[in-house]
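# Inside the fold
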Amino acid sequence: MAKITSSEVAGYAITRREPLDRLEGNYLELEHQRTGARHIHIETPDDNNAFAVFFPTPPSDSTGVAHILEHVVLAGSQRFPVRDPFFSMTRRSLATFMNALTGLDWTMYLFSTRNAKDFTNLLEVYLDAAFFPLLSEDAFQQEGIRYEFENPADPNSGLRYKGVVFNEMKGALATPNAAIDRAIGKTLFPGLPYAHVSGGDPQDIPNLTWQMLRDFHARYYHPSNARFYTYGDQNLERTLEAIEKKALERFHRIAIDSSVPSVKRLTKPTEAVEPYPATPGEDNTKKAQALTAWVTIPTADSFRLLAMNILSEVLLGNAGSPLRKALIDSGLGSALADGSGLRDDYKESVFGAGLKGIKDEDAEKVQKVVLDTLQRLADTGVDASQVDAAIHHLEFEKRERSNAGFPYALRMLFASMPGYLYGGDPFSALNFDKDLEHLQKARQEGRFFENLIQAELLDNPHRALLTVVPDPELEERQRQAELKRLAEIETSLTDEERERIVQEALRLKAEQEAKPDLSVLPTLDLGDIPMKFEDVPSRDENLRAARVEFYPQPTNGITYLDLRSDFSVLTAEQQDLLPLFSRVLTQSGAAGQDYVQIAARIASNTGGLGAAPQVQSLAAREDYLQSFVLSGRALDRNAQPFIDLLTDLVARLDIDPRRLREIIAEISTRLESSLAGLGFQFALLRAHSKLSSEGALNDRLQGIGMLHTMRRLARLKDTELGDVVADLNEIRNRLFKSDLLKIIVTCEEAMIPQLEELLTGLVASMNIDGANAQPVKPPPLEPAPEARTAPGPVAFNVRVFKTVRYTHPDSPALLVLANYIRDTFLHRELREKGGAYGGYAQAGVASATFYFGSYRDPNIIRTYDVFDQAVRWVTDQEIDAEALKEAILGACGDVDPLESPDIKGRREATNKATGFTREARERFKQRLLQVTADDLRKVTHAYLIAGPAVQTTVAGADLIEAARKEKPELFKVVAPV
């Protein structure tokens with residue numbers, strides 16, 4: 001890691017330098033002297049280097065111009081004039097993250113990678129895309145909006161809207177959460193950019209023109225309006241020189257006003273009602289949500305934002321938090337409303353609290369609970385121990401450097417965003433010791449948080465009661481309005497205009513089918529792929545009848561611990577209760593304490609607990625492990641209270657029927673309000689359930705089967721809950737036997753002796769099973785093609801094939817095949833031509849499956865036809881050598897994910913248990929490099945043509961009905977989700 005020591009480098013002035021001890025590095029702020037472009041660099045010995053450039057892009061309407069521009073920017077640039085350089089680079093790279101994002105008032109292009117050559121390649125492509133895009137009309141029509149006839153070649157087949165973003169936003173806005181967001185924007189920020197839908201409202205997207213898009217780029221995509229970010233051990237001077245040479249040297253400083261005004265504060269509270277689509281014919285009596293929301297402090301004020309974040313955590317952060325508990329105890333609803341908590345993605349932060357699963361007429365009652373509880377806390381005081389627990393949570397987040405879910409390199413960017421975007425101090429958000437010290441002094445002076453509640457909430461009239469209500473007719477009204485609008489436009493078309501629409505559609509199709517010259521794009525070579533996996537050392541111990549695997553790692557003073565048990569000892573009925581048991585285990589009372597006290601112990605002594613059943617495929621044979629996992633993490637200094645807490649939960653859990661009712665209701669309500677967003681997961685799991693026992697079990701634990709179990713539990717009378725309590729206690733007794741237990745610990749080497757002693761006590765609290773019960777494994781479901789109706793105007797289509805396990809010689813070719821079909825065929829046919837937001841092919845090399853899928857898709861029959869064509873594409877067409885190489889490169893990236901110390905131990909333990917040894921993984925990777933065109937054709941014939949296949953669609957009822965009319969044999973089973 002080369003350190004910058006001068007005050008100027010590569011045309012930049014270093015305006016600030018601070019030590020960043022938490023990362024053993026430095027924080028630098030720079031300004032490009034000629035253009036005024038701002039740049040933050042985090043200098044740290046981390047080889048996962050990150051880059052981002054973002055622009056403030058406040059929208060003035062809901063046409064989605066910023067979002068559509070984000071798509072079009074990545075569809076060809078001056079140096080890389082190919083149709084889709086972004087998606088092309090995904091298969092020429094080993095990036096650990098690669099994407100573009102549109103926020104409420106900003107647009108960002110970002111990536112991270114551990115490969116130095118890859119970093120340079122991606123940097124060049126991203127810079128050229130952001131600053132010198134082609135912005136072609138074809139790209140605008142493909143990604144944004146266009147007119148096209150139902151049959152593109154037939155001007156009498158009915159005019160339709162087409163476009164990727166248009167269809168994406170139809171799905172995105174079909175949820176209660178989206179309705180809450182719309183209500184917040186319109187009601188709390190009238191006249192400001194937040195009053196608009198930055199992603200685009202399908203009712204407004206057709207108003208956008210190509211020229212408006214180009215004007216928007218010219219207005220905002222300039223270095224004088226740009227914020228850059230880099231992170232890692234790459235040479236900063238070399239990166240800055242590349243940014244200067246590839247982009248900034250062609251610009252000069254100009255004045256750009258991309259600021260967002262502060263909102264004019266209301267003098268009295270207001271209210272609004274916003275509908276969301278609901279399924280016709282269902283009981284929607286208690287499917288409304290009520291949220292009381294305030295505009296509070298400027299997000300650029302790091303100290304006040306820290307204080308509001310802590311207050312939000314105190315009020316709502318866990319099941320025992322006072323405002324959350326008061327809301328649930330009211331019985332008005334069953335889960336926190338969407339939008340509850342503090343949001344810092346506005347210029348001025350929004351705090352909200354409320355309930356979902358309510359009757360719409362109870363909204364005022366919900367608000368009264370919120371206001372009365374806040375008044376009580378302001379009058380009688382906030383529990384200091386809950387504040388201490390919230391501060392502990394912040395300390396934990398500061399110490400932990402995890403890549404789980406999202407690269408840490410980019411987490412740091414988003415932590416600094418409020419200050420960076422809105423003119424505050426980004427460094428304070430990354431190194432908040434000074435603000436925390438200020439806060440602790442203010443607490444000592446007394447009533448700090450009570451005064452904050454009074455000033456920012458109770459005495460703040462800029463408040464709204466937002467109610468979102470289910471509307472079974474909304475989706476149909478919107479559909480009819482769209483068709484009416486199109487019919488009126490179609491009636492006014494001249495013959496010449498109709499012919500022009502036909503010709504433009506045919507020309508766009510020809511352009512989409514033309515083979516692009518990708519030789520202009522930079523790429524990694526197969527020789528750049530690291531072929532070895534890191535050795536993860538371990539120490540195995542036997543503590544009484546339990547087995548403990550210690551994985552010493554540099555965890556920065558944090559211990560990660562998993563208790564893993566075999567849930568195959570449970571009956572099928574008990575297994576169905578595991579999703580519920582997972583929540584009950586960590587949200588109930590134990591050892592004589594109620595759930596509020598247990599929640600306080602979790603918050604004060606850990607970085608969080610979680611539990612879940614996991615189905616883990618074996619590498620070499622048709623079988624799987626059934627693991628129930630209780631996971632937790634804690635600072636090393638809290639090791640004893642952490643283990644004591646786990647011991648109480650597994651040995652002395654106390655399930656109260658009233659609390660159980662609350663947990664069931666909360667899970668059910670969250671599921672019901674999320675159906676529009678769960679379509680792909682449900683379709684994927686249900687399709688897999690038709691091929692194997694493994695798939696059937698996953699559907700029961702995470703899919704439609706789980707949803708039906710939770711609905712059944714939610715209908716139980718209070719008098720019937722005693723049996724459920726007994727079942728849950730029996731599950732705990734059967735799971736937590738010491739001879740069924742495997743304990744996985746990832747920690748600092750020096751912690752192992754102390755943890756061995758503590759874990760001995762945990763194991764001693766358990767009995768020994770001793771029995772050899774026959775594992776319970778469900779049979780596959782019926783293979784009949786299935787459709788499930790769900791709210792939303794889009795479809796999620798999945799077809800799954802049965803293949804072979806990881807160690808089979810054909811498995812590497814199947815992984816390459818998935819990359820090849822996705823990148824060379826499905827992306828073009830489903831996304832570019834069909835308008836689906838996503839088109840996928842995925843090889844389940846662990847589960848011996850292969851699937852095609854589409855996401856937020858306006859089509860059903862056409863998509864299944866494309867799945868058929870994809871198979872013939874491989875067998876009948878010549879396989880392009882360069883595309884094959886890219887597919888191999890992508891497959892190598894698939895099997896080498898980004899890790900961090902917290903992940904390594906857990907992953908290695910799973911690999912050992914399932915046969916994915918280091919040697920097996922390295923053999924697999926070597927075989928990937930040897931895959932040939934003949935291999936792709938061979939596995940396509942063997943598994944995608946000769947093998948069994950099943951399919952499931954989850955979609956809006958209108959889409960499914962239209963598909964059945966056109967092709968009655970498409971689905972044998974049709975039912976609501």
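Just so it is clear, the model here is predicted, and its values are computed rather than measured.

### Re the packing of helix α11 (residues 363-380) against helix α16 (residues 448-458)
α16 packs onto α11 with a crossing angle of 145° between their chain directions and a minimal axis gap of 8 Å. Along this stretch, α11 crosses α16, giving a crossing that reads as left-handed. Where α11 approaches α16, its residues L371, L374, Q375, L377 and A378 are matched on the opposing element by E450, I453, Q454, L457 and L458. Looking at the contact of α11 with α16 residue by residue, the class counts come to seven nonpolar, two polar and one charged.

### Considering the pattern of salt bridges
Opposite charge on two side chains lets them pair, provided their charged atoms get close. Counted under the stated rule, the structure contains 88 salt bridges. A salt bridge links R500 to E504, with the nearest nitrogen and oxygen atoms 3.9 Å apart. Within this pair, R500 and its partner E504 are both found in helix α18 (residues 495-513), separated by four residues, close to a single helical turn. Overall, the relative accessible area of 46% leaves R500 in the partly exposed class. On the accessibility criterion, E504 (26% relative accessible area) is partly exposed. As a salt-bridge pair, K912 and E549 come within 3.9 Å of each other at their nearest N and O atoms. Taken together, the residues K912 in helix α32 (residues 901-914) and E549 in strand β18 (residues 546-552) connect sequence positions 363 residues apart.

### As for the sheet that holds strand β30 (residues 973-976)
Within the open sheet, the six strands sit side by side as β27-β28-β26-β29-β25-β30. Their pairing is mixed. Here the strands that pair on one side only, and so sit at the sheet edges, are β27 (838-844) and β30. Adjacent strand axes in the sheet meet at a mean angle of 15° when their direction is disregarded. Relative to strand β28 (residues 849-857), strand β26 (residues 795-802) runs antiparallel, the two sharing seven bridges. From the neighbouring strand, F801 faces β28, where its bridge partner is F850. Set on the sheet, helix α29 (residues 811-833) makes contact with β27 and β28; between it and β27 the angle comes to about 170°.

### Observations regarding the sheet that holds strand β2 (residues 12-20)
Through backbone hydrogen bonds, the strands of a sheet pair up, either in parallel or in antiparallel fashion. Pairing is mixed across the open sheet formed by eight strands, whose spatial order is β1-β2-β3-β4-β10-β5-β7-β6. The sheet terminates laterally at β1 (8-9) and β6 (97-102), the two strands that pair on one side only. Pairing of strand β5 (residues 49-56) with strand β10 (residues 227-232) involves five bridges; the strand directions are antiparallel. What sits directly across from F51, in β10, is T230.

### So, the packing of aromatic side chains
As enumerated under the stated definition, the model contains 42 aromatic pairs in all. Measuring from ring centre to ring centre gives 5.1 Å for Y194 and Y346, while their planes differ by 85°; the resulting arrangement is edge-to-face. Note that Y194 is positioned in the loop between α6 (176-188) and α7 (210-220) and Y346 in the loop between β14 (341-343) and β15 (348-358), a separation of 152 residues in sequence. For R828, the ring lying beneath its charged end belongs to W873, and the centroid distance is 5.1 Å. The lysine or arginine in question, K925, covers the ring of F533, its NZ or CZ lying 5.0 Å from the ring centre.

### Let's talk about the layout of surface pockets
Approximately 1000 Å³ is the volume attributed to the second largest pocket. For the second largest pocket, the lining is made up of 40 residues, of which N309, L394, E397, A415 and A429 are closest to its centre. Listed by contribution, the elements that provide at least two residues to the lining of the second largest pocket are α9 (302-316), β14, α12 (384-399), α13 (408-422) and α14 (426-430). Tallied by class, the residues present in the lining of the second largest pocket amount to 18 nonpolar, nine polar and 13 charged.

### Describing helix α15 (residues 433-444)
If you check α15, its first and last C-alpha atoms are 17 Å apart, about what 12 residues at 1.5 Å a residue would give, namely 16 Å. Inspection of α15 places D435, L436, L439, A442 and R443 among the buried residues, and these make up the whole buried set. What you see down the axis of α15 is that its buried residues fit within an arc of 120°, all on one side. Residues of α15 that are exposed and point more than 90 degrees away from the buried face comprise K434, K441 and Q444. Immediately downstream of α15, the backbone of G446 shows phi near 100°, a positive value.

### Details of empty space enclosed by the protein
Applying the stated criterion across every chain yields a total of five cavities of 30 Å³ or more. Taken as a whole, the largest cavity holds about 160 Å³ of empty space. Of all elements in the fold, only β11 (270-277) and α23 (657-673) reach the threshold of two or more residues within the lining of the largest cavity. Classifying every residue of the lining of the largest cavity gives 10 nonpolar, four polar and three charged. One number sums up the size of the second largest cavity: a volume of about 70 Å³. Lining the second largest cavity are 14 residues, and of these A676, P791, G792, V794 and F796 lie nearest its centre. Taken together, the residues that form the lining of the second largest cavity break down as 10 nonpolar, four polar and no charged.

### Details of the environment of T849
By secondary structure assignment, the location of T849 is in strand β28. Overall, the relative accessible area of 4% leaves T849 in the buried class. When the C-alpha positions of T849 and L691 are compared, they lie 8.6 Å apart, and in sequence the two are 158 residues distant. Not counting residues within four places of it along the chain, the set of residues in contact with T849 comprises H688, V800, F801, T803, Q842, A843 and G844.

Rules of the game
Residues numbered from 1 in each chain as written. Predicted model: local features only at pLDDT ≥ 70, side-chain atom pairs only at ≥ 80, totals over all residues. Heavy atoms only, no water. Axes fitted to C-alpha atoms, helices over the stretch in contact; angles between N-to-C directions. Helix = DSSP H or I, 4+ residues; strand = E, 2+ residues; numbered from the N terminus. Left-handed = near helix turned anticlockwise from the far one by under 90°. Contact = heavy atoms within 4.5 Å. Nonpolar A, V, L, I, M, F, W, Y, C, P; charged D, E, K, R; others polar. Salt bridge = Lys/Arg side-chain N within 4 Å of Asp/Glu carboxyl O. Buried < 20%, exposed > 50% of the residue type's maximum accessible area, 1.4 Å probe, protein only. Pairing = 2+ DSSP bridges. Phe/Tyr/Trp six-rings, centres within 6.5 Å; stacked < 30°, edge-to-face > 60°. Lys NZ or Arg CZ within 6 Å of the ring centre and 35° of its normal. 1 Å grid on protein atoms, 1.4 Å probe; cavity = no way out; pocket = protein on both sides within 12 Å on 5 of 7 lines; lining within 4 Å. Points joined across faces, edges and corners; volume = space filled by probe spheres on them. Expected span 1.5 Å × (residues − 1). Arc of directions from axis to C-beta.

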